[in-house]
Amino acid sequence: MLVEDLNKKWKRVILNTSPTTPLEHCEWLNKLLMEIWPNFVNPKLSIRFASLVEKRLRHRKSKLIERVELLEFSLGSSPPSLGLQGTRWSTTGDQKIMRLGFDWDTSDMSILLHAKLAKPIGNARIIINSLHIKGELLLMPVLDGKALLYSFMSVPEVRIGVAFGSGGSQTLPATELPGVSSWLVKILTDSLVKTMVEPRRRCFSLPAVELRKKAVGGIVYVKVVSASKLSRSALRGSPSRRQHSFTTNGTLEEHLDDKDLQTFVEVELEELTRRTDVKTGSTPTWDSTFNMVLHEDAGTLRFHLYESTPNSVKYDYLASCEIKVRYVADDSTIFWAIGPESGIIAKHAEFCGKEVELVVPFERASVGELTVRLVLKEWQFSDGSHSLNNFLVNSQNSLNGSSNLLSKTGRKLNITVVEGKDLISKDRNGKCEPYVKLQYGKVLQKARTARTCNPVWNQKFDFDEIRGDECLKIKCYSEDMFSDNNLGSARVNLEGLAEGFVRDVWVPLEKVNCGELRLQLEAIRVSDPEGSRGSITGSGNGWVELTLIEARDLIAADLRGTSDPYVRVHYGNLKRRTKVMFKTLHPRWNQTLEFPDNGSPLELHVKDHNAVLLSSSIGNCVVEYQRLPPNQMFDKWIPLQGVKRGEIHIQITRKVPDLLKRASLDSEPSLTRSVQISGQMKELMVKLQSLIEDGSLEGLATVATEMESLQDLQEEYMVQCETEQTLLLNKIKDLGQEIFNSSPSLSRRSSSN
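Residues numbered from 1 in each chain as written. Predicted model: local features only at pLDDT ≥ 70, side-chain atom pairs only at ≥ 80, totals over all residues. Heavy atoms only, no water.

### Re the pattern of salt bridges
- Taken as a whole, this structure holds 21 salt bridges when the rule is applied.
- Ionic pairing is found between arginine 326 and aspartate 297, a salt bridge with its closest N-O pair at 3.9 Å. Pair noted here: arginine 326 is in strand S18 (residues 315–328) and aspartate 297 is in the loop between strand S16 (285–294) and strand S17 (298–308), with a separation of 29 residues, a long-range link.
- Given the relative accessible area of 26%, aspartate 297 is considered partly exposed.
- When salt bridges with common partners are traced through the structure, they connect Arg200, Arg302, Glu322 and Glu363 into a single cluster. (Salt bridge = Lys/Arg side-chain N within 4 Å of Asp/Glu carboxyl O. Helix = DSSP H or I, 4+ residues; strand = E, 2+ residues; numbered from the N terminus. Buried < 20%, exposed > 50% of the residue type's maximum accessible area, 1.4 Å probe, protein only.)

### A closer look at the environment of phenylalanine 362
- Looking at the element boundaries, phenylalanine 362 is found in the loop between strand S21 (355–361) and strand S22 (369–381).
- Sequence spacing of phenylalanine 362 and histidine 304 is 58 residues, and the spatial spacing of their C-alpha atoms is 9.1 Å.
- In contact with phenylalanine 362, other than residues within four places in its own chain, are Leu230, Leu235, Leu305, Ala319, Ser320, Cys321, Gly368, Glu369 and Leu370. (Contact = heavy atoms within 4.5 Å.)

### A short note on the confidence of the model for the chain
- Across the chain, pLDDT averages 78, with 80% of residues at or above 70.
- Predicted confidence in the chain is weakest over helix H5 (residues 529–532), with a mean pLDDT of 37, and strongest over S21, with 94.
- For the stretch residues 389–409, pLDDT sits under 50, and the model shows 43 contacts to residues farther than four places along the chain or on other chains.
- Here residues 528–540 is modelled with pLDDT under 50, and outside its nearest four sequence neighbours on either side it reaches 37 contacts, counting other chains as well. (pLDDT = per-residue confidence, 0-100.)

### With respect to the sheet that holds strand S35 (residues 602–608)
- On the basis of which strands lie adjacent, the open sheet formed by 4 strands has the order S33-S32-S35-S36 and antiparallel pairing. Each edge of the sheet is formed by a strand with only one pairing partner; in this case those strands are strand S33 (574–577) and strand S36 (616–623). Direction aside, neighbouring strands of the sheet carry axes that sit 20° apart on average.
- Looking at chain direction, strand S32 (residues 565–571) and S35 are connected through 7 bridges and run antiparallel. Counted as the bridge partner of valine 569 is leucine 604 from S35. (Pairing = 2+ DSSP bridges. Axes fitted to C-alpha atoms, helices over the stretch in contact; angles between N-to-C directions.)

### What about unusual backbone geometry?
- With an omega of 5°, the peptide bond between glutamate 198 and proline 199 qualifies as cis.
- Turning to its location among the elements, proline 199 is positioned in the loop between helix H3 (180–196) and strand S9 (202–205).
- Although it is not a glycine, asparagine 631 sits at a positive phi angle of roughly 60°.
- Within the element layout of this structure, asparagine 631 appears in the loop between S36 and strand S37 (633–639).

### Let's talk about the nonpolar core
- Residues Phe303 and Leu370 are the most contacted members of the largest nonpolar core, which totals 40 residues.
- When neighbours within four sequence positions are excluded, leucine 370 is seen to be in contact with Val224, Ser226, Ala227, Val265, Trp286, Phe303, Cys321, Leu358, Val359, Val360 and Phe362.
- Core analysis: the next-biggest nonpolar cluster, separate from the first, contains 38 residues, Leu82, Trp104, Ile126 and Leu184 among them. (Core = buried A, V, L, I, M, F, W, Y, C linked by side-chain atoms within 4.5 Å.)

Structure representation (structure tokens):
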């Protein structure tokens, strides 16, 4: 017993102090993996890898392939083999590392891609049916076992089997489309090198509590504090040199490189970049804080160090480093980075709002390190809750992540562009006239133009929520005489917006160095009378009354600097038009149109009339009327889309009539109006025949316009007749039901039958 006890103690000492442990076999691990792979590991990894592959293919297309779509993804029934030659632990400083052989050779996987190929080839299906990856994995437990970092020790060997066609016996060899197989191998290899080949590591979290929430985005505050030990001679991208300058008396003055080193840091998160001020010296202090946005449950913050040369527009790249962020299923956050001598730096924020500080060395540089403080302000989840205010927003959610979020169909998204700040001015005189364009699905809306770099809009836009489209695209411009200047863009993830809660966010603009927009986001179910103030589906027995009053600041479509504008109205399958107003950019129509209220989209297309050529568009817009309360008139100016300027003035009312109080849709009797339309049409036909004989083109164009207007009037009259008929039938039905309910004898007779 004493010998056995001493042997156990000796083994513990060896494991804790020896740089390398004895080789251990892992047949048991492969046997276990074989058991759980088909029904557990394969489905989970297939779902996770499918989204990664689709995203990577979208950004890395071959010259031969114009568009590619992922149709099917399954890793097959054969798991990888781990540690065939055994495994061992080694110790580097305080960090324990497991070395594990990885060999995955499968021929029953099924990854199906649909590709649109360059002409004249057309479309093709790409089938990936075999995969071979071989390399050595490194596993590194961090944060006292709360997470595991993993990577390949070197670039693994990668082979991919590719065929073309529809699968089975109809597939063609990869040589039919040369270059596709090598393109796929390159994409996979590059992805591995950039994400999980030493010293790049991926993270697998091991939380004690699993809340089962899907994080879809987050907000992180990044504070670039300072740098230390900066040296031109040691930083990548700068040759070792000493600077020389001449004094006023002509003598040569020599000074050290690093004392006058002027540097700044550019922070990058996907397409979002921000830049610090320029500071001098080898230990600069910036203390610059930036609001950054994550669009997934993980992200990589990259920090690029540049040298700013005085009196020069060129910046010299010096070095980079990066910090990775990942959401953990217990509502915490892990940050990790490459440490000194390719070691590991890892920090854990147990809750949102906790600040962590990391001192990260610059990569591929012998000296130099950057001090950064990070605060994950909030995580946003697919069920509409937020980690910052879970108990305020979604207090009824269970630990299993059950959601009170209603179906996405039949909801409205209210987007309020509140204000902006620190927008850049690209005008030489510092002039800034910003406006914002919002795109959701195919709908594009535009905010009015402001006159300052810190504008206040407080302008509200409504969108119909689209199933499967959770991204709002924002572009900010500044008006200019010749072409508008781009002030940046952004994407806002709308997935999981909870009803009854207004989300107020500052969104940083991407592809620029400064500028933020404040938005308020709200989802409203239109069937809710309190939230929707109306019904999207229409009342079924009402109508929409649209009055096209006027337009202003239209663009000139003619060479003479004017236009001949009219409005073509599209309501579902119905089309109407106004009269033409000749030679004006500020037309007044004062024309009223009516449509049955069935919830159809209402679009206005402002066009320039041309007697010879086709009419040209001078703007369009969508009228959001579905949520308006009934029998209340709304007066609004709507900016025109697709053009630089122009607005249209309308009045719109959703009318729910009382048939007993309401006369006809028109003040004139229907029979009289029908006779008038018929007489006017006959007069125009006689006039048209006379003009053809005279050969008057201008007169023919005028009569043609009048006939189109009369035809539209006739169609409108027919719709009004149909609406009147529907109203009358509904009222007869209601009256019949009232008579039936009020007559005891009829009720008893019905019940006895």
